[in-house]
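Tertiary structure, described
Residues per chain, in single letters:
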Amino acid sequence: MSIVAHTKSTNAEDVDRVMGGEKAEMMFTDPPYGVNFKYNQYDDDKTKNEHKDFCQKWFDVLKGMSDFIVITVGFGNEHIFYEFDERFHHLVWHKKFAISASPVAFARVTEPIFVLGKPPKTRYDTDYFPIGTDREPGLNDRHPCPKPVELINALVRPQTDEGGTVLDVFLG
């Protein structure tokens, strides 16, 4: 599988140029969640409306780049994406443990994954993915909150052919 990434995801011409006018087999992406988190290259310190506008811009550009979209949306953002398209389906990632900004729990053990479009190859076996977070030394120096490779494989591999193209503009 080929992964194509581009960080200027709100610019349709840039994304189209990178994609060479072709659609990806699948889009998998892990955007910022709007939780005032300082990423390595992106400051997520936005108001709720600014975050919603940011998400609307990149979603409008990217929804035309693939007929099958998988997004880790983060808690508190579900309503935003349902407003963008009410046809989203909801999967659950059970990450076993993660420190939480939740006002009601210190640890949040699940995270929503939204899916839009018909899976290109097959339906997933389940809507539940019990995969722990990666705890490799130095991993957080490269990305402050990476998604586990095992999770990405579980979501991407069943839907793509060898050598197929997956678009990920946030490289989560």
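Preceding this paragraph is the structure being described.
The text that follows walks through the structure, step by step, so that each part is easy to find. (Residues numbered from 1 in each chain as written. Predicted model: local features only at pLDDT ≥ 70, side-chain atom pairs only at ≥ 80, totals over all residues. Heavy atoms only, no water.)

1. A short note on the overall build of the protein chain
- When its secondary structure is counted, the protein chain shows five helices and seven strands.
- Taken from N to C terminus, the helices and strands of the protein chain fall in the order β-α-β-α-β-α-β-β-β-α-α-β.
- Restricting to contacts in the protein chain with at least 6 residues of sequence separation, those with at least 24 account for 74%.
- Accessible surface computed for the protein chain: about 9700 Å², of which carbon and sulfur atoms make up 51%. (Helix = DSSP H or I, 4+ residues; strand = E, 2+ residues; numbered from the N terminus. Contact = heavy atoms within 4.5 Å. Areas by Shrake-Rupley, 256 points an atom, 1.4 Å probe, with all protein chains shown as cover.)

2. Focus: helix 5 (residues 149–156)
- Those residues of helix 5 that sit buried are Leu151, Leu155 and Val156. The arc enclosing the buried residues of helix 5, seen along the axis, measures out at 115 degrees, which places them on a common side. Opposite the packed face of helix 5, turned more than 90 degrees from it, sit the exposed residues Val149 and Glu150.
- Elements in contact with the buried residues of helix 5: strand 2 (26–29), strand 3 (69–72), strand 4 (89–94), strand 5 (110–116), strand 6 (128–130) and strand 7 (165–167). (Buried < 20%, exposed > 50% of the residue type's maximum accessible area, 1.4 Å probe, protein only. Arc of directions from axis to C-beta.)

3. Points about helix 1 (residues 12–19)
- Restricting attention to buried positions, one finds in helix 1 the residues Asp14, Val15 and Met19. Relative to the axis of helix 1, the buried residues are bounded by an arc of 130 degrees and lie together on one face. Facing away from the buried side of helix 1, by more than 90 degrees, are the exposed residues Glu13 and Arg17.
- Directly beyond the C-terminal end of helix 1, a positive phi value near 65 degrees is found at Gly20.

4. Examining the nonpolar core
- Counting 23 residues, the largest nonpolar core has Trp58, Phe59, Leu62, Ile71, Phe81 and Leu167 as its most contacted members.
- Elements that contribute at least two residues to this core include exactly helix 1, helix 2 (48–62), strand 3, helix 3 (78–84) and strand 5.
- Of all hydrophobic cores here, the second largest spans 15 residues; its members include Val70, Leu91, Phe129 and Ile131. (Core = buried A, V, L, I, M, F, W, Y, C linked by side-chain atoms within 4.5 Å.)

5. Considerations on the environment of Asn77
- Along the polypeptide, Asn77 turns up in the loop between strand 3 and helix 3.
- Residues contacting Asn77, with those up to four places away along its chain left out, are Tyr33 and His51.
- From its side chain, Asn77 meets the backbone oxygen of Val73 in a polar contact 2.9 Å long. (Polar contact = N/O pair within 3.5 Å; in protein donor to acceptor, adjacent residues only side chain to side chain.)

6. Comments concerning the environment of Phe68
- One can find Phe68 in the loop between helix 2 and strand 3.
- By relative accessible area, Phe68 is classed as buried at 1%.
- Separated by 47 residues in the primary sequence, Phe68 and Val115 place their C-alpha atoms 7.4 Å from one another.
- The residues contacting Phe68, other than those within four sequence positions of it, are Glu25, Met26, Met27, Val115, Leu116, Gly117, Lys118, Pro119, Pro120, Tyr124 and Gln159.

7. Digging into the pairing of strand 4
- One ladder, built from six bridges, connects strand 4 with strand 5; its direction is antiparallel. Across the sheet, the residue bridging to Trp93 is Glu111, located in strand 5.
- Sheet topology places strand 4 next to strand 6; three bridges connect them, and they run parallel. Bridging from a neighbouring strand, His94 pairs with Pro130 of strand 6. (Pairing = 2+ DSSP bridges.)

8. Structural notes on the packing of aromatic side chains
- Taken as a whole and judged by the stated rule, the model has 12 aromatic pairs.
- Between Phe81 and Phe88 the ring centres are 6.2 Å apart and the planes differ by 90 degrees, which places this aromatic pair in the edge-to-face class.
- Exposure remark for Phe81: the relative accessible area of 1% places this residue in the buried category.
- For Phe88, a relative accessible area of 5% corresponds to the buried category.
- When the ring of Tyr124 is compared with that of Phe129, the centres are 5.7 Å apart and the planes differ by 85 degrees; the resulting orientation is edge-to-face. A single burial state applies to Tyr124 and to Phe129, both of which are buried.
- Put simply, the rings of Phe54, Trp58, Phe59, Phe81, Tyr82, Phe84, Phe88, Phe114 and Phe170 touch in pairs and so form one group of aromatic residues. (Phe/Tyr/Trp six-rings, centres within 6.5 Å; stacked < 30°, edge-to-face > 60°.)

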